[in-house]
Amino acid sequence: MLKIGDFSKLSRISIRMLRHYDEIGLLVPKSIDSFTGYRFYSEDQLPVIGRINALKDMGFSLSTIIEILKSYDNPQALAEFLAVKQSEVQAEAEEAEHRLRLLDTAIKRLRKDGTVMNYNVTLKEIPERYVASVRKVIPNYQQEGMLWGILMQETAPLQMQDGDPCYTLAIFHDGEFKESNVDVEVQKSVRGNYKNTENIVFKTEPPVLIASATYKGSYEKVDEVNEAVANWVHDNGYDFNGLSFNIYHVSPHETQNPDEYVTEVCYPVRKK
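This text gives an overview of the structure that appears in the document. (Residues numbered from 1 in each chain as written. Predicted model: local features only at pLDDT ≥ 70, side-chain atom pairs only at ≥ 80, totals over all residues. Heavy atoms only, no water.)

So, about the packing of aromatic side chains. Aromatic ring pairs are described here by two measures, namely the spacing of the ring centres and the angle between the planes. Here the structure, examined in full by the defined rule, presents 10 aromatic pairs. Ring plane angle 10° and centroid distance 4.5 Å describe the contact between F7 and Y41, whose orientation is recorded as stacked. On the criterion of sequence distance, the pair formed by F7 in helix α1 (residues 4-11) and Y41 in strand β3 (residues 39-41) is long-range, its members being 34 residues apart. Y41 shares its class with F7; the two are buried. Centre to centre, the rings of Y130 and F202 are 6.2 Å apart; their planes meet at 25°, and the pair counts as stacked. Note that Y130 is positioned in strand β5 (residues 129-138) and F202 in strand β9 (residues 201-205), a separation of 72 residues in sequence. Ring-pair connections join several aromatic residues into one group, and the members of that group are W148, Y219, Y248 and Y261. Across from the ring centre of F60, 5.3 Å away, lies the NZ or CZ of K85, which sits over that ring. (Phe/Tyr/Trp six-rings, centres within 6.5 Å; stacked < 30°, edge-to-face > 60°. Helix = DSSP H or I, 4+ residues; strand = E, 2+ residues; numbered from the N terminus. Buried < 20%, exposed > 50% of the residue type's maximum accessible area, 1.4 Å probe, protein only. Lys NZ or Arg CZ within 6 Å of the ring centre and 35° of its normal.)

Shown next, in the form of structure tokens:
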């Protein structure tokens with residue numbers, strides 16, 4: 001039998017950690033002196049320490065290792081534990097690779113343009129939503145307010161309930177910049193079901209993965225933000241996957257001060 005200090009030296013596990021293993025039931029001493037309280041281990045427990053260390057190196061938590069050791073001699077059960085951890089580590093590795101790529105592209109862009117971090121681009125999914133929609137060809141982008149006026153006027157008698165969350169956004173159907181006669185659709189997410197009106201269509205929009213950047217200020221900045229998001233999509237291994245749109249978090253409906261507008265520039269994307 002080995003005293004805890006000797007076992008600590010042989011196993012290369014600290015006395016403090018051996019006591020913790022005992023407390024949680026991971027590695028219990030062979031015996032404990034009832035008078036002194038000293039813990040004694042046997043040399044045949046050293047292979048168990050080896051198993052514990054190997055499993056820790058694989059990333060298993062101590063609580064999971066306790067469960068694994070109960071069926072360590074069952075190859076099928078052990079393989080199942082290992083396969084689950086392998087999947088977890090693979091997902092973590094992919095996430096780490098994604099973060100490294102984001103850091104790398106941000107550093108490269110920052111070296112080229114010191115203002116690139118003014119517009120932070122994120123990847124997220126907008127969930128399925130039920131919307132009230134107005135789509136028309138209007139003289140130019142500055143006339144988008146015409147569509148919102150139609151939406152507000154024709155929905156006023158319906159007593160619509162806002163969606164949760166309530167997205168108010170504009171989709172640009174031309175797919176490119178045009179000087180005039182632009183095809184624009186405005187949408188507001190709502191709850192409930194409503195009948196179409198003269199100019200309004202109610203419909204369900206599917207979920208969409210987007211790269212987006214949110215900024216505060218006038219709409220004059222939107223071209224800069226569009227460029228920032230487009231560069232991010234190009235640099236980070238994504239393809240455009242639909243029409244760009246803007247989400248208006250704070251719009252002229254809430255404030256007349258352009259400096260207080262909050263707009264999110266969005267591009268649907270998919271992984272290459």
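Now, onward.
The next subject is the sheet that holds strand β1 (residues 2-3). Taken together, the three strands give an open sheet; going across it, the order is β1-β3-β2, and neighbouring strands pair in antiparallel fashion. Edge strands, defined here as strands with exactly one partner in the open sheet, are β1 and β2 (31-32). With two bridges joining them, β1 and β3 adopt antiparallel strand pairing. Its bridge partner being in β3, K3 is matched across the sheet by F40. (Pairing = 2+ DSSP bridges.)

All right, on to unusual backbone geometry then. Following D164, the chain continues into P165 via a peptide bond in cis, with omega recorded as 0°. Within the secondary structure layout, P165 lies in the loop between β6 (161-162) and β7 (168-172). Residues other than glycine seldom take positive phi values, yet N181 does so here, at roughly 50°. Turning to its location among the elements, N181 is positioned in the loop between β7 and β8 (182-191).

What follows deals with the packing of helix α3 (residues 46-57) against helix α4 (residues 62-70). Running from amino to carboxyl end, α3 crosses α4 at an angle of 130°, the nearest separation of the two axes being 10 Å. By the angle between their directions, the pair α3 and α4 is classed as oblique. When the axes of α3 and α4 are compared, the crossing they make is right-handed. The residues of α4 that touch α3, namely those facing V48, R51, I52, L55 and K56, are L62, I65, I68 and L69. (Axes fitted to C-alpha atoms, helices over the stretch in contact; angles between N-to-C directions. Parallel < 35°, antiparallel > 145°, perpendicular 65-115°, else oblique. Left-handed = near helix turned anticlockwise from the far one by under 90°. Contact = heavy atoms within 4.5 Å.)

This next bit is on a nonpolar patch on the surface. Judged by side-chain polarity, L100, L103 and I107 come together as a nonpolar surface patch covering roughly 300 Å² of accessible area. Mapped onto the fold, L100 is located in helix α5 (residues 75-112). For L100, a relative accessible area of 57% corresponds to the exposed category. (Patch = residues over 30% accessible without salt bridge, like charges linked within 9 Å, V, L, I, M, F, W, Y side chains within 5 Å. Areas by Shrake-Rupley, 256 points an atom, 1.4 Å probe, with all protein chains shown as cover. Salt bridge = Lys/Arg side-chain N within 4 Å of Asp/Glu carboxyl O.)

Turning to its location among the elements, V201 is positioned in strand β9. For V201, a relative accessible area of 40% gives the class partly exposed. As for V201 and A170, which are separated by 31 residues in sequence, their C-alpha atoms are 14 Å apart. With sequence-adjacent residues up to four places away left out, V201 is seen in contact with V131, A132, S133 and N196.

Within the element layout of this structure, S212 appears in strand β10 (residues 208-216). A distance of 2.6 Å separates a polar atom in the side chain of S212 from a polar atom in the side chain of E264. Residues contacting S212, with those up to four places away along its chain left out, are N120, V121, T122, K124, V229, E264, V265 and C266. (Polar contact = N/O pair within 3.5 Å; in protein donor to acceptor, adjacent residues only side chain to side chain.)

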